Each structure stands twice: as C-alpha cells, then as structure tokens.
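Below are the chains, spelled out letter by letter.
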Amino acid sequence: KSNNNTFISPLLIIVSPFLSENALSDNLKLELKNAVSRGVMVIVYCDTRLDIDNTKTRKKNSKEAISALKNIGVTIKVIDGIHSKSMMFETDKGVVLVEGSFNWLSAVRDKDSYFSRYEASILLVGESIRPRIESVKKLLKERSHSIRY
C-alpha cells in the first residue's frame, strides 16, 4: 500500500539487476510479506551474472537476499543481460510503472556511504500505460527462468 493509493494488484513486479541483503530493510521485508499474505504475487527479476563473482559463484549478499525474499514468498527469476530498474503494479488510481536508475533491491541507502549515488525514477500512472506494462511483463516472462544458485 502506498501513502495515497490503495494497492489492488494481484501482481507486483520488481526488476532490480542486483540483489543485496543490505538493501532489504525489516520494513521492506514486512511490506512484501504482508503483500504475499494478501494474495499478491510478488516477482523479482534480476540479472543472471551481475551478482556473480570472478569464481562464478553468486555473491554472499545476493544469496542472502534471495533466501530472505524466498522465505517470505517472493518468486525470484533471472534474465540474461537485464539492467533496467522497474516496478509495476496497480492501485485504485490505475496501473503504475516506475522506471529509473534506482536499484530497488541493492542500492545503498546511506547517503554518507562512498557507494551512495544520486538516483532518479519516473512514476507513470494511468490506463494509457497499460499496453506498455503488458508488453514489458510479456518480455520479462519470455526471457526469464528460475534462479539456480
């Protein structure tokens, strides 16, 4: 549920190329768990290789994020070569697409961190964007597969 809109979608899609347990606050995990409890299917798409180290092993923070997300009922899918950062869902105000540079499930939240960066996203709301959302959902579904780590 957002501040001014009621979340009504049976589906929440988050595209975040990287995953990190450090980005999963207790509050975020609780909100995702509550959504799943209400019957919302939460799907997270990440990149196949971006969280892999030089030994071809998934990085520890990524493994921990995947485990935490799966434990609360989130479905994790991987896509070769994905780098977009998106979120799609529906509220009582219409369908919502958020696109931008923010890595939803890996970005550093501490503004004083050496790794902190300015991030921006665009929020699009309304029925006019439904065809775009459906097109993106189809592409994600066609290109993704279950995660193996």
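Everything discussed here concerns the structure shown above.
What counts as what
Residues numbered from 1 in each chain as written. Predicted model: local features only at pLDDT ≥ 70, side-chain atom pairs only at ≥ 80, totals over all residues. Heavy atoms only, no water. Helix = DSSP H or I, 4+ residues; strand = E, 2+ residues; numbered from the N terminus. Buried < 20%, exposed > 50% of the residue type's maximum accessible area, 1.4 Å probe, protein only. Pairing = 2+ DSSP bridges. Axes fitted to C-alpha atoms, helices over the stretch in contact; angles between N-to-C directions.

(A) Summary view of the environment of I122. Tracing the backbone through its elements, the reader meets I122 in strand 6 (residues 121–125). Residue class for I122 comes out exposed when judged on its relative accessible area of 55%.

(B) Broad picture of the pairing of strand 4 (residues 85–91). Most of strand 4 sits inside the fold, with 6 of its 7 residues counted as buried. Note: strand 1 (residues 11–15) against strand 4, 3 bridges, orientation antiparallel. Residue pairing in the sheet places I13 in a bridge with M88 of strand 4. One ladder, built from 7 bridges, connects strand 4 with strand 5 (residues 94–100); its direction is antiparallel. Considered in strand 5, the bridge of M87 is made with V98. Joining the antiparallel neighbours strand 4 and strand 5 is a turn of 2 residues.

(C) Seen up close, the sheet that holds strand 5. Spatially, 7 strands are ordered 6-5-4-1-2-3-7 in an open sheet, and the strand pairing comes out mixed. At either end of the open sheet lies a strand with only one pairing partner, and these are strand 6 and strand 7 (144–146). On average, each strand axis in the sheet is tilted by 20 degrees relative to the strand beside it, whichever way the strands run. In terms of strand pairing, strand 5 meets strand 6 through 5 bridges, oriented antiparallel. Across the sheet, residue V96 finds its bridge partner in strand 6, namely V125.

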